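A look at the structure
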Amino acid sequence: MEFDPHIDGLLRGDREQSSRRLGDLMRAEARNSATPTALSEEALISEFGASRNAIRAALAALQKQGVVSRRRGIGTTISRHWDWSDLAELRGLNESASANGGRVTNRVLVADVVSSPLAISTALNLPARSPVLLIERVRILDNQPFSLDTSYLNVDLAAGLLDCVLESYDLVSLLEDKLGLPLGSADLVIEASTAGAALASQLQIAPGDPVLSVDRVLRLDEGSVLALEFLRLRGDRAAMTGHSDRGTRPRS
């Protein structure tokens, strides 16, 4: 027998829980959409078997999250949502975006040699207060701020970045193509966070809006640490993808 959401209760439960599940489903559809897709309340009611109130509540929540936009005369559309990085690959934003027709520019806030705080010198395996190269940029994707990237690099290896066009290229591309430094891998720590006033100002969002925080350690192919980066991505524009295998280890 064919499943009927109106009868079988695909979104069973109270309005709040139904709206949450509906939001999950619509977010999944948005992720698979390469272009803005118009949404119809009637079509959503038919597809999900949800009440009009649940549909509207879900759309309102998704609008706050940046998953959908609602404009007078246009209606409700799914916003373009970027998969910033495949966790199995070490790629820059420009590499990822250009493969999907996006355009990236950078606004350079800092590009200078500074004395390293303890956390940075420890991460880079350098003596305390060693000079390091600090590069901080607002990454702009399709004319909207996407992330604020703060990178601390081993200055003995990466000082040549100061002579590069930082407004136009990913650091990973400059390190490899311009400086001849073969990158090998990256260690990532990914957390959900919210924007403080200073970060919100740079990303053109409201204080308290969601942010995807990525701390990234870049290593050369021989294993030594080249950089520690703090990447703060707008939560309404960025997602990360990955693939996991169960593996063949004995299971208890």
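Above this text sits the structure in question.
Residues numbered from 1 in each chain as written. Predicted model: local features only at pLDDT ≥ 70, side-chain atom pairs only at ≥ 80, totals over all residues. Heavy atoms only, no water.

Some points on the pattern of salt bridges
Overall, the coordinates contain 8 salt bridges when judged by the stated rule. One salt bridge in this structure joins Arg-56 and Glu-41, with 3.1 Å as the shortest N-O distance. Residue Arg-56 is found in helix H4 (residues 52-65), and its partner Glu-41 is found in helix H3 (residues 41-48); the two are separated by 15 residues along the sequence. With relative accessibility at 41%, the residue Arg-56 sits in the partly exposed group. We note a salt bridge from Arg-232 to Asp-215, for which the minimum N-O separation is 3.1 Å. Linking Arg-232 in strand E10 (residues 225-234) with Asp-215 in strand E9 (residues 210-220), this pair joins segments that are 17 residues apart in sequence. Its relative accessible area of 23% is what places Asp-215 among the partly exposed residues. Each of the salt bridges in this network shares a partner with another, and the network as a whole consists of Glu-41, Glu-42, Arg-52 and Arg-56. (Salt bridge = Lys/Arg side-chain N within 4 Å of Asp/Glu carboxyl O. Helix = DSSP H or I, 4+ residues; strand = E, 2+ residues; numbered from the N terminus. Buried < 20%, exposed > 50% of the residue type's maximum accessible area, 1.4 Å probe, protein only.)

A look at the sheet that holds strand E6 (residues 131-141)
Spatially, 6 strands are ordered E5-E6-E7-E10-E9-E8 in an open sheet, and the strand pairing comes out antiparallel. Two strands bound the open sheet, and with one partner strand each, they are strand E5 (104-115) and strand E8 (183-194). Neighbour to neighbour, the strand axes of the sheet diverge by 15° on average, direction disregarded. The sheet contact formed by E5 and E6 spans 11 bridges and is antiparallel. Note on E6: the bridge partner recorded for Arg-107 is Val-138. (Pairing = 2+ DSSP bridges. Axes fitted to C-alpha atoms, helices over the stretch in contact; angles between N-to-C directions.)

Comments concerning the packing of aromatic side chains
What characterises a pair of aromatic rings is the spacing of the ring centres plus the angle enclosed by the ring planes. Evaluation of the coordinates by the stated rule reveals 1 aromatic pair. Here the aromatic rings of Tyr-152 and Phe-230 are separated by 6.2 Å at their centres, their planes lie at 80°, and the arrangement is edge-to-face. With Tyr-152 in strand E7 (residues 144-154) and Phe-230 in strand E10, this residue pair connects regions lying 78 residues apart in the sequence. A relative accessible area of 24% places Phe-230 in the partly exposed class. (Phe/Tyr/Trp six-rings, centres within 6.5 Å; stacked < 30°, edge-to-face > 60°.)

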